[in-house]
Amino acid sequence: MAKTKIGILGAGYAGLLALKVLQSKAKDVEITLIDRNSYHNEATDYHEVAAGSVNADKITYQIADVVKPGITNFIQATVTKIDKEAKTVEIEGHEPMTFDYLIVALGFRSETFGIKGATEFALPMDDVESSEAVYKHFIAKLEDYRTSKKPDNLKVLIAGAGFTGMELLGAMAENKAKYAKIAGVTPDDIELTCIDAAPSLLPMFPSDLADYAVKRLAKRGAKVYTSRGINEVKDGVVVAQNMETKEIIEFPAGTIIWTTGVSGSDVIANSGIEARRNRVMVTSQLKDPENDKVYILGDVAAVMDAESGRPYPTTAQIALVMGHVAAMNIIADMNGQEGEDFKYVSQGTVCSLGNTDAIGVLGNGTKVKGYVASALKKIIMNKSLWETGGVKEMLAKGRFDLYH
Ligand code: NAD
């Protein structure tokens, strides 16, 4: 009997979790996993690479380490288009791939919302390379300062104070002394600023926790300004409008980092799949509404949370659960059984503010902050490494400095 062909596009959190479940539980399957990189990366940790807190290899591991030969064929290549009707996937430099079931988990890209100059003059942080590029750019500015004495070389402007912007600001604030040494200045000379259009920050947290975050960052010399809507980015300058007074304010900075939000992979739009910001509204079983053999997960998917009446956010924790549910639903379908609905019970949400500080809310609503919250964040990170990469990757790449 011919084996069932399952294609998995993307080796992020959702794709790898689905792979692991299928490899251990599915019978008579032939899996093809496609990713443009040879490695999986922990997308939640890009800010640490951009801040220079860790090297890229700390947040990556080889996909080959989790691929079971004989069941799964891994192709390192770029997916360009999905044809749901023809049941094929176009892949750069390869013959199109056919499938019986497909898991689309192609991840996100940074979104500029068409703001003038953002692509040209601001640095995105949407993969390991671009995160490394942020750090290299800033270090080059600091080194240049030694001779040029250009004041803007010491300034960083982070555009967008969502999770990514705030976590990056926290990590950079912690490294001020290191940056200062490179430029030959004192830590107070390094200016770190993050601005956001919204009147208040981190709406998923109670306001007292968001206030705590701003105060802690201020203590470390990192400023956060709300109600500053960015209209334009020029070479070395962010132009924003004070949303309350309508005044136009310029923020000069040698390093401008773009963290105003994300969209799903452009493969969705290129494939003519109906979506909003490349996120496809999937069924409760995570299927494409137009093709029940295609599952769409992670940052390219939007799944309704019946409780809030809004789609779930795009987080690593949710992507992992999606990977599990989709794999189990494929196995059920292969056995002629009904699949299960996706449900997510949050065990907690944490926003780091550096290595030893964070804010968080546990699943039961308990608020946490400081060391306890940062330790919790590391436990969550280690759990996700264990779930996708297994014990080996967790021991090699995990964070075990929980209490200092
Ligand atoms: P986001 O959408 O959460 O935040 C973007 C921020 O940019 C918002 O606060 C928004 O008001 C602001 N913004 C947008 N346009 C602007 C403009 N023109 N001028 C000024 N500000 C502007 O995006 P993100 O932080 O990149 O996060 C993306 C996703 O990843 C989210 O779903 C987030 O929850 C998730 N994430 C989670 C974690 C975690 O759980 N620790 C960490 C990182 C990211």
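Residues numbered from 1 in each chain as written. Predicted model: local features only at pLDDT ≥ 70, side-chain atom pairs only at ≥ 80, totals over all residues. Heavy atoms only, no water.

K.L.:
I tried to follow the site of the ligand on my own but got confused; where do I start?
P.N.:
Not every one of the 18 residues close to the ligand is listed here, only the nearest: T164, D196, I230, T314 and V350. In the model, an oxygen atom of the ligand is placed 3.0 Å from a nitrogen or oxygen of the T314 side chain. Interatomic distance of 3.3 Å between a side-chain N/O atom of K377 and a nitrogen atom of the ligand. For the ligand, whose accessible area on its own is 860 Å², the fraction buried by protein is 76%. Every element with two or more residues in the shell around the ligand is listed here: α5 (163-174) and β14 (228-234). Of the residues contributing to the shell around the ligand, the split by class is six nonpolar, eight polar and four charged. (Near = heavy atom within 4 Å. Polar contact = N/O pair within 3.5 Å; in protein donor to acceptor, adjacent residues only side chain to side chain. Areas by Shrake-Rupley, 256 points an atom, 1.4 Å probe, with all protein chains shown as cover. Helix = DSSP H or I, 4+ residues; strand = E, 2+ residues; numbered from the N terminus. Nonpolar A, V, L, I, M, F, W, Y, C, P; charged D, E, K, R; others polar.)

K.L.:
How should the sheet that holds strand β7 (residues 88-91) be read in this particular structure?
P.N.:
Strand pairs in the sheet, formed through backbone hydrogen bonds, run parallel or antiparallel to each other. Judged by pairing direction, the sheet is antiparallel, and its three strands sit side by side in the order β6-β7-β8 without closing on themselves. Each edge of the open sheet carries a strand with a single partner, namely β6 (79-83) and β8 (97-98). As judged from the two bridges shared by β7 and β8, these two strands associate in the antiparallel manner. Bridging from a neighbouring strand, T88 pairs with T98 of β8. (Pairing = 2+ DSSP bridges.)

K.L.:
In this structure, what is going on with the UniProt feature "domain: FAD/NAD(P)-binding" (unreviewed entry) in the chain? I would like to understand it.
P.N.:
The positions that UniProt labels "domain: FAD/NAD(P)-binding" (unreviewed entry) are, in the present scheme, residues 5-321. End C-alpha atoms of residues 5-321 are separated by 22 Å, and the span's content is 27% helix alongside 30% strand. (UniProt positions renumbered as here; feature names shortened; annotations may be inferred.)

K.L.:
Honestly, the packing of helix α1 (residues 13-25) against helix α10 (residues 371-397) in this entry has me stumped. Any pointers?
P.N.:
Two quantities define a packed helix pair, namely the angle between the axes and the distance from one axis to the other. Across the interface, α1 lies against α10 with an axial gap of 9 Å and an inter-helix angle of 50°. Between α1 and α10, the angle is such that the two are oblique. Viewed along their axes, α1 and α10 form a crossing whose handedness is left-handed. Counted together, Y13, L16, L17 and K20 of α1 and S384, W386, E387, T388, G389 and G390 of α10 form the full contact between these two elements. When its residues are assigned to classes, the contact of α1 with α10 shows four nonpolar, four polar and two charged. (Axes fitted to C-alpha atoms, helices over the stretch in contact; angles between N-to-C directions. Parallel < 35°, antiparallel > 145°, perpendicular 65-115°, else oblique. Left-handed = near helix turned anticlockwise from the far one by under 90°. Contact = heavy atoms within 4.5 Å.)

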